[in-house]
Amino acid sequence: MGFSIIGIVAVTVIGIICAIVLVIAAKFMSVPVDERIPAVRECLPGANCGACGFAGCNGYAEAVVNDETLPLTLCTPGGAAAAAGIAGVLGREAGESVKKVAVINCMGDCNKTKNKSDYKGIQTCTAANLLFGGPASCAYGCIGLGECAEACPENAICIVDGLARVDTRLCVGCGICSKVCPKHIITIQPVTDKVKVLCSNKDKGATVKKTCSTGCMGCGVCSKMCPESAITMTDNKPVIDYSKCTSCGTCAQKCPAKCIVVEG
Amino acid sequence: MKLLIAIILTACFVNNYVLQQFLGICPFLGVSKKVDQATGMSLAVIFVMLVATAVTWPLQMMLLNPNGLGYLQTIVFILVIASLVQLIEIFLKKYIPALHASLGVYLPLITTNCAVLGVCISNIDSEFTFVQALFNAFGSGLGFLIAMLLFAGVRQQMEDCDPPECFKGLPVTLIAASIVSLSFFGFSGVIESIFG
């Protein structure tokens, strides 16, 4: 009997010592949590999509409270409402929030490009891409099996003629589609960037011409004709400097492959 | 020195906690979906195993054994390890926020991890000295890391395949785990031949 009492006492004493140490530690080593962080967190939609560049909504809330210079408008799903909410909590100006949407940088639907093989395997783009880069003759373009459409939380992407299309009214710019696309041809761009190069092919002109009737051949006409010199050629493909672009549309008119478009 | 290396290699490969002794299966299945998460978790496990050994070994040898309380080993170890992990978390949050940010999420998960408890108990059962016990803890943690990384790789491959409906999810994961475990049986006897 006395034997078991010693055991009970020993465990209780050790337990109490542990508890006291923990209480003291919690008291002396507590980190004051800024109460504005949960308040900011309340303003965010809680989708934890990571479009802001931080690990989830909590990460952004913490960063925006601690960093005075960080813009309040990084939350694309929350948009202007979230920015205004954060501005209210922090007492800062919200700044202008520009809506961002996903852009599929490919125009090769099944009328413009052909398949080099007849793919019968697992119907996801990732799986198809593992097999010699997918069935499409263009190694850079959209496979069209709709992995992005499936991943989209807003159902803003649909597949038309074997090519993914984004409904910009539904798109919230979270960027999940651009992460799942095995070809990495989806970018998230502000809607104010009206001129877009909708081709991702980096091959030389002759090769491109054989695979796709609307593929960029890297001729560089757009770059030469641009009145603002906003276009540079990188990897056989034009890159637009949106800080210079005035959306005049000269490049789109001159492009022989018609792969530059002006929207809006 | 030779003995210490043998202890590390044995703990790491031959007696791998996850794949040979089947302890710590919960995080092995839970956090092995992505390689970066698996690494974070395993580093936290190595850290906690080392600290837990450093505390429980003296506790057993200096407090429990001399007073004839050896039978309290399991309950006292659980108690001490749980509070220790809490204490480490509080400490890291205050003084090393960077480390807390990378390991912090995983620390509460290993509060009562059976692999950690397993290391502490096996240190006593194998009658290791204090230094040997620390090396054993390090080797066991390293073994956990290897198992997690191997299996995270296997699982990422499995994400892209299409098993029959009845095997989807946990069943096919457990089958894969058993095959990975089988491969580790190849290590039995190797250490004895090298160092024996």
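Here the structure is shown first, and the text comes after it.
Quick notes on the rules
Residues numbered from 1 in each chain as written. Chains lettered and ligands numbered in written order. Predicted model: local features only at pLDDT ≥ 70, side-chain atom pairs only at ≥ 80, totals over all residues. Helix = DSSP H or I, 4+ residues; strand = E, 2+ residues; numbered from the N terminus. Buried ≥ 20, exposed ≤ 12 C-beta atoms within 10 Å, placed from the backbone. Contact = placed C-beta atoms within 7 Å. Axes fitted to C-alpha atoms, helices over the stretch in contact; angles between N-to-C directions. Parallel < 35°, antiparallel > 145°, perpendicular 65-115°, else oblique. Left-handed = near helix turned anticlockwise from the far one by under 90°. Nonpolar A, V, L, I, M, F, W, Y, C, P; charged D, E, K, R; others polar. Core = buried A, V, L, I, M, F, W, Y, C linked by C-beta atoms within 7 Å. Expected span 1.5 Å × (residues − 1). Pairing = 2+ DSSP bridges.

**Student:** How should the overall build of chain A be read in this particular structure?
**Tutor:** On a plain count of helices and strands, chain A comes out with 10 helices and eight strands. Relative to its 264 residues, chain A shows a buried fraction of 33%. When contacts within chain A are restricted to residue pairs at least 6 apart in sequence, long-range pairs at least 24 apart make up 56% of them.

**Student:** I'm lost on the overall build of chain B in this one. Help?
**Tutor:** A count of helical and extended segments in chain B gives nine helices and zero strands. For chain B, the sequential pattern of α-helices and β-strands runs α-α-α-α-α-α-α-α-α. Residues counted as buried form 35% of the 196 residues belonging to chain B. Across chain B, the fraction of contacts at a sequence separation of at least 24, relative to all contacts at a separation of at least 6, is 78%.

**Student:** Whenever I open this one, the packing of helix 7 (residues 130-159) of chain B against helix 8 (residues 170-184) of chain B confuses me. Can you help?
**Tutor:** Helix packing for two helices is described by the angle between their axes and how far apart those axes are. All names here are of chain B. The geometry of helix 7 relative to helix 8 is characterised by a closest axis approach of 11 Å and an angle of 140° between their N-to-C directions. It follows that helix 7 is oblique to helix 8 by the angle criterion. Pair helix 7 / helix 8 crosses with right-handed handedness. Along the contact surface, helix 7 presents Leu 150, Phe 151, Val 154, Arg 155 and Met 158, while helix 8 presents Val 172, Thr 173, Ala 176, Ala 177 and Val 180. When the residues that make up the contact of helix 7 with helix 8 are grouped by side-chain class, the tally is eight nonpolar, one polar and one charged.

**Student:** Would you explain the nonpolar core in this entry?
**Tutor:** The tendency in soluble globular proteins is for nonpolar side chains to be buried as a group. Core analysis: the largest hydrophobic core is formed by 61 residues, its most contacted members being A:Ile86, A:Ile104, A:Val166, A:Ile186 and A:Cys259. Breaking this core down by element, the ones donating at least two residues are helix 2 (36-43), helix 3 (56-66), helix 4 (79-90), strand 1 (100-104), helix 5 (125-130), strand 3 (163-166) and strand 5 (195-197) of chain A. No other element matches helix 3 of chain A, which puts five residues into this core. Discounting residues that sit within four places of it in the chain, A:Ile86 has contacts with A:Val40, A:Cys43, A:Val64 and A:Leu72. Listed in part, the 47 residues of the second largest apolar core include B:Val48, B:Leu142, B:Met148 and B:Ala177.

**Student:** Explanation requested: unusual backbone geometry in the structure shown.
**Tutor:** Excluding glycine, a negative phi dihedral is what most residues carry, and trans is how most peptide bonds are arranged. The backbone of A:His184 sits at a positive phi, close to 55°, despite the residue not being glycine. Using a count of 11 C-beta atoms within 10 Å as the deciding quantity, one classes A:His184 as exposed.

**Student:** Quick question: what am I supposed to make of the packing of helix 3 (residues 35-64) of chain B against helix 7 of chain B here?
**Tutor:** All names here are of chain B. Put simply, helix 3 and helix 7 touch, their axes get as near as 9 Å, and they point 165° apart. Between helix 3 and helix 7, the angle is such that the two are roughly antiparallel. As for the relative orientation of helix 3 and helix 7, their crossing is right-handed in sense. A per-class count over the contact of helix 3 with helix 7 returns 20 nonpolar, six polar and no charged.

**Student:** Sorry, what's going on with helix 6 (residues 114-125) of chain B here?
**Tutor:** Owing to its 3.6 residues per turn, the α-helix aligns residues three or four sequence positions apart on the same side. Residues and elements named next belong to chain B. Over its 12 residues, helix 6 runs 16 Å from end to end, which matches the ideal 16 Å to within 8%, given 1.5 Å per residue. Considering only its buried residues, helix 6 is in contact with helix 3, helix 4 (73-95) and helix 7. Positive backbone phi, approximately 55°, marks Glu 127, located one or two places after helix 6.

**Student:** Would you take a moment to explain the pairing of strand 6 (residues 231-234) of chain A for this structure?
**Tutor:** Walk down a regular strand and you will see the side chains alternate between the two sheet faces. Residue and element names in this part refer to chain A. Two elements, strand 6 and strand 7 (residues 237-240), share four bridges in a ladder whose sense is antiparallel. What sits directly across from Ile 231, in strand 7, is Ile 240. Two successive antiparallel strands, strand 6 and strand 7, enclose a turn made up of two residues, where Asp 235 displays a positive phi of approximately 50°.

**Student:** Would you explain the interface of chain B and chain A in this entry?
**Tutor:** Where the parts come together, the accessible area they lose is often given as the size of the interface. At the interface, 15 residues of chain B touch 15 residues of chain A. Considered class by class, the residues forming the side of chain B that touches chain A number nine nonpolar, two polar and four charged.

**Student:** Where do I start with the pairing of strand 2 (residues 157-160) of chain A in this structure?
**Tutor:** Of the pairings in the sheet, the one linking strand 2 of chain A to strand 3 of chain A comprises four bridges and is antiparallel in character. Each residue of the ladder has a partner; that of A:Val160, found in strand 3 of chain A, is A:Leu163.

Geometric descriptors of this kind do not, in isolation, establish any biological role.
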